[in-house]
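Chain residues, written in single-letter form:
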Amino acid sequence: MSQTATETTLPKTLGQLRSSEFTAARVNRSVKDELRDNLIARLHKIAANTRANGETEPLFPGIVGYDDTVIPQIINAVLSRHNFILLGLRGQAKSRILRALTTLLDPFCPYVAGSELRDNPYEPLSRFSKDLIASLGDDTPIAWMTPEERYVEKLATPDVTVADLIGDVDPIKAARSGHELGSELTMHYGLLPRANRGIFAINEVPDLAGKIQVALFNIMQEGDVQIKGYPVRLELDVAIVFSANPEDYTARGKIVTPLKDRIGSEIRTHYPESLDEAISITEQEAWTARSYEAANTDIQHIEIPHYIRQIVEQIAFIAREDKKVDKRSGVSQRLPISTMELVLSNAERRALLHGESLVVPRVADIFAALPGITGKIELEYEGEMKGSDTVIRELIRTSVANIYDSYFADANTQQIEQWFNLGGSVELNDKQSTKDILAALQQIQGLFEKLTPFKINARSKPEVAVSAAEFLLEGMTAHKKISRSEARTFTAGEKRKRNEDAANYAEKMRQREQERQAESAHNRTRRGFN
């Protein structure tokens, strides 16, 4: 299409369309050919920009982590003009990928104005458009579709009917028009015919009843269906794409074999393979760029430490491998997204309570974000026995320990441990201001000297310093070097306490033995006098 063409300059009648750049050869291309042509043009452009700038432009902006796995397979499917299915667990961007296919459609697509089937003006499909063109000729009005209007999506549920997807006879329309019920003009078309000359996406296709799937593959292959017993041939031009969960697709076996056979490509999606990819997705999706009223005199800035982002993502990675979590259901990428939003909100709440201008999340805020995690995982029997809160707290502690090791694996924390072993304790909770907590943490010998990975010094902002120090203490707690109560009071480690208790018990036993011996000697003395 011309670079200068806009919606206001597009042809308004069939005659104008014939004399424009929208020739019959161009408009008559099938949707799959259009996707293929535009994909080839996009790949040429990306390759040219890469050679010129050395930077690779993503084919589908916003899709992270699939550049070497899923995206090449989608390219192959589009180049092959296939209907395809995306197979993957929940939260793997399947719907987003399907919606991104609209970027491969032309900016504008003409159709006969008023047509329910969005008919090609050069090759109309419906009786309505054929009669209109025969009556008006070059004066036939033309309307235009944008790529977004050419994308139709349906979430498959067991109650979907043939009428919903394909259509049904409309007796009211037949009575008003005087046509027989078997006439095409009495049909009320469903979603699939209304997606003509576009992309039709069905999410969670295994949940469709078998007879609906039969109607789908019949129209995909032969182009005809039966509505209320009337044979209606609909040679639709549609690119049909699907999504499904592997558990439904294989174990429950709800996709009928003929439909499987007619799906050209089966493409498997996956969860992020690295923390960096996962962090990029959460940064993109989570609502963290928050703004405040101009009159607000408190919060001015938000700063999320990188280790907090790492811990949040690590929770999902560990949960996907934990034997107490159901792997068949998966752990959605929505888990870290929701968790990060709650983590930031808890830090935001704390800043508002104490009138602080800088919001910096801490590890404590991750424990406060349990509501964002509990609904995102399905537990196995062992996990159900322990309880979701207990399992999630264990996941968080393990995540903290793993990220702690990436920063402090070689750190010598004996001086900090000794401070606690000598009876020191510190309480860190939301009831205290950051300045009060910082003053308490500064009493711990050797604590801030260990925060060199975060470049904490005397000029660091208190909120940043407190967050880093708490992370160090939480990591030591996760490795059982020190202890922490549910009230968030850090004290000596459990091993030290057990040793002290054992020593105290031994001392008590010695005292009792001495008292017993003294009493026995006293009794013997009294017997000698007798």
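Residues numbered from 1 in each chain as written. Predicted model: local features only at pLDDT ≥ 70, side-chain atom pairs only at ≥ 80, totals over all residues. Heavy atoms only, no water.

Caption draft 1: Structural view of the pairing of strand 7 (residues 198–203). A large share of strand 7 lies buried, amounting to six of its six residues. Summarising the sheet, strand 4 (residues 151–155) and strand 7 pair through five bridges and their orientation is parallel. Pairing of Glu-153 across the sheet is with Ala-201, part of strand 7. (Buried < 20%, exposed > 50% of the residue type's maximum accessible area, 1.4 Å probe, protein only. Helix = DSSP H or I, 4+ residues; strand = E, 2+ residues; numbered from the N terminus. Pairing = 2+ DSSP bridges.)

Caption draft 2: Representation of the sheet that holds strand 1 (residues 84–87) in the model. Taking strand neighbours across the sheet as the criterion, the five strands line up as 4-7-10-1-11 in an open arrangement whose pairing is parallel. With one partner strand each, in any of the chains shown, strand 4 and strand 11 (265–268) form the two edges of the open sheet. Each strand of the sheet is rotated relative to its neighbour by a mean of 20°, with strand direction disregarded. Taken strand by strand, helix 3 (residues 31–53) contacts strand 7 and strand 10 (238–244), and its axis lies near 80° from that of strand 10. (Axes fitted to C-alpha atoms, helices over the stretch in contact; angles between N-to-C directions. Contact = heavy atoms within 4.5 Å.)

Caption draft 3: How the structure looks around the nonpolar core. Among the nonpolar cores identified, the biggest contains 66 residues, and Phe-420, Leu-441, Phe-471 and Leu-473 are the most heavily contacted of them. Tallying contributions element by element places helix 22 (residues 462–478) first for this core, with nine residues. Ignoring anything within four residues of it in the chain, the contact list for Phe-471 reads Tyr-307, Ile-311, Val-363, Val-400, Ile-403, Tyr-404, Tyr-407, Phe-408 and Phe-454. In this structure, Ile-212, Phe-217, Met-220 and Leu-259 belong to the second largest nonpolar core, which totals 33 residues. (Core = buried A, V, L, I, M, F, W, Y, C linked by side-chain atoms within 4.5 Å.)

Caption draft 4: Summary view of helix 22. The terminal C-alpha atoms of helix 22 lie 24 Å apart, and with 17 residues this matches the ideal 24 Å at 1.5 Å per residue to within 8%. Of all 17 residues in helix 22, 15 are buried; the element is thus mostly enclosed. Looking one or two residues past helix 22, Lys-480 carries a phi angle of roughly 60°, positive in sign. (Expected span 1.5 Å × (residues − 1).)

Caption draft 5: Summary view of the packing of aromatic side chains. Overall, the coordinates contain twelve aromatic pairs when judged by the stated rule. Pairing Phe-408 with Phe-471 gives two aromatic rings, centres 6.0 Å apart and planes at 55°, and the pair type is tilted. Of the two residues, Phe-408 sits in helix 19 (residues 388–408) while Phe-471 sits in helix 22, which places them 63 residues apart along the sequence. Exposure remark for Phe-408: the relative accessible area of 2% places this residue in the buried category. When its relative accessible area of 0% is taken as the criterion, Phe-471 is described as buried. Their ring planes at 50° and their centres at 5.9 Å tell us that Phe-454 and Phe-471 sit as a pair that is tilted. (Phe/Tyr/Trp six-rings, centres within 6.5 Å; stacked < 30°, edge-to-face > 60°.)

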